[in-house]
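Notes for the structure review
Below are the chains, spelled out letter by letter.
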Amino acid sequence: IAYLSVVNDGDNIPLEKQEHIFDRFYRIDEARNSSSQHYGLGLSIAKAVAKGHGGSISVSCHDGKIKFTAYLKIK
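This text gives an overview of the structure that appears in the document. Each chain has its residues counted from 1, running along the sequence as written. Local features in this predicted model are restricted to residues of pLDDT 70 or higher, and side-chain atom pairs are both shown and tallied only at a pLDDT of 80 or more, whereas totals for entire chains, interfaces and linings draw on every residue. Note that the side-chain values use all heavy atoms of the structure and ignore hydrogens as well as water.

The subject of this paragraph is the sheet that holds strand 1 (residues 2-9). Only when DSSP finds a minimum of two bridges between them are two strands counted as paired. Every helix listed is a DSSP run of H or I at least four residues long, and every strand listed is a run of E at least two residues long, numbered separately from the N terminus. Read across the sheet, three strands follow the order 1-3-2 without closing on themselves; strand pairing throughout is antiparallel. At either margin of the open sheet sits one strand with a lone partner, and together these are strand 1 and strand 2 (56-62). Looking at each pair of strands side by side, their axes are set apart by 15° on average, direction ignored. Of the pairings in the sheet, the one linking strand 2 to strand 3 (residues 65-72) comprises seven bridges and is antiparallel in character. Bridged to His62 within strand 3 is Lys65. Here, residues are in contact when the closest pair of their heavy atoms is within 4.5 Å. Working convention: axes come from line fits to C-alpha atoms, limited for helices to the stretch in contact. Angles between N-to-C directions cover 0 to 180 degrees. Along the sheet, helix 2 (residues 42-52) makes contact with strand 2 and strand 3, crossing strand 2 at roughly 130°.

As structure tokens, then:
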């Protein structure tokens, strides 16, 4: 298994929203619209890629840091 982890500074994502951020077209900030060039597809694509490689992707938030971790099976 290989993993890739990315950490960014940012506001903590509430737990009830974390379970949805990998859903297609989901955006945490509902005030954004398509004119902002954010469509809510990136994380759903990342989930599909990880799943397609027999892996998974997750998010965690602590102390103003957001961490995304993808696990992939190596063949």
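From this point, the discussion proceeds with the structure in view.
It is worth spelling out the pattern of salt bridges at this point. The salt bridge definition used is simple: a Lys or Arg side-chain nitrogen within 4 Å of an Asp or Glu carboxyl oxygen. In the structure shown here, the tally under the stated rule is one salt bridge. One salt bridge in this structure joins Asp9 and Lys65, with 2.4 Å as the shortest N-O distance. Linking Asp9 in strand 1 with Lys65 in strand 3, this pair joins segments that are 56 residues apart in sequence. Buried residues are those whose accessible area, probed at 1.4 Å on protein chains only, stays under 20% of the maximum for their type, while exposed residues exceed 50% and partly exposed ones sit between those limits. You can call Asp9 exposed: its relative accessible area is 60%.

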